[in-house]
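Residues per chain, in single letters:
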Amino acid sequence: MLYMIYSTDVENSLEMRKAARPAHLARLEALDEQGRLFSAGPLPAIDSDDPADAGFTGSLVVAEFSSLEAAREWAATDPYVTGGVYDNSVVKPFKKVFPK
């Protein structure tokens, strides 16, 4: 089943994000290689694809996991969590309807 992981950043997270980004991306790449990643990306702090120093306010990941508990465990060990970037993460089941 797909699960949505919506995470919000602490204030002034940009430098911590930069430091943890390679490890964060490696985990997402592993999900992608396994065919389990539906979508993932950051939430820019301003209306721009490149927010520069404005940074990001969080991230969204939609991926396949064996259970809600497995999705929560994966989210809890994200380098952005362990690196202090995320203030909070919400993990919920996700049902894809569109596009078909």
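Residues numbered from 1 in each chain as written. Predicted model: local features only at pLDDT ≥ 70, side-chain atom pairs only at ≥ 80, totals over all residues. Heavy atoms only, no water.

**Side note on the packing of aromatic side chains**
Aromatic ring pairs are reported here in terms of the distance separating the ring centres and the angle at which the planes meet. On inspection of all chains with the given rule, the structure shows four aromatic pairs. Look at Y80 and Y86: their rings are 5.4 Å apart centre to centre, the planes differ by 90°, and that puts the pair in the edge-to-face class. Both residues of the pair, Y80 and Y86, belong to the buried class. By way of ring pairs, the aromatic residues Y3, F65 and W74 are connected into one cluster. In this structure, R27 packs its charged tip against the face of W74, placed 4.1 Å from the ring centre. (Phe/Tyr/Trp six-rings, centres within 6.5 Å; stacked < 30°, edge-to-face > 60°. Buried < 20%, exposed > 50% of the residue type's maximum accessible area, 1.4 Å probe, protein only. Lys NZ or Arg CZ within 6 Å of the ring centre and 35° of its normal.)

**Let's talk about unusual backbone geometry**
For the peptide bond that leads from F98 to P99, omega is -10°, which places it in the cis range. Within the secondary structure, P99 sits in the segment after β4 (86–94). In this model, N12 sits at a positive phi of 55°, which is unusual for a non-glycine residue. Looking at the element boundaries, N12 is found in the loop between β1 (2–9) and α1 (14–33). With phi around 50°, A52 is a residue other than glycine that occupies positive phi space. Relative to the assigned elements, A52 resides in the loop between β2 (37–44) and β3 (56–64). Judged by its relative accessible area of 48%, A52 is partly exposed. (Helix = DSSP H or I, 4+ residues; strand = E, 2+ residues; numbered from the N terminus.)

**A closer look at the nonpolar core**
Counting 11 residues, the largest nonpolar core is built from Y3, I5, L28, L31, V61, A63, F65, A71, W74, A75 and V91. Breaking this core down by element, the ones donating at least two residues are β1, α1, β3 and α2 (68–76). If one sorts the elements of this core by residue count, α2 sits on top with three residues. In this structure L28 touches L37, A40, V61 and W74, once residues within four positions along its chain are discounted. (Core = buried A, V, L, I, M, F, W, Y, C linked by side-chain atoms within 4.5 Å. Contact = heavy atoms within 4.5 Å.)

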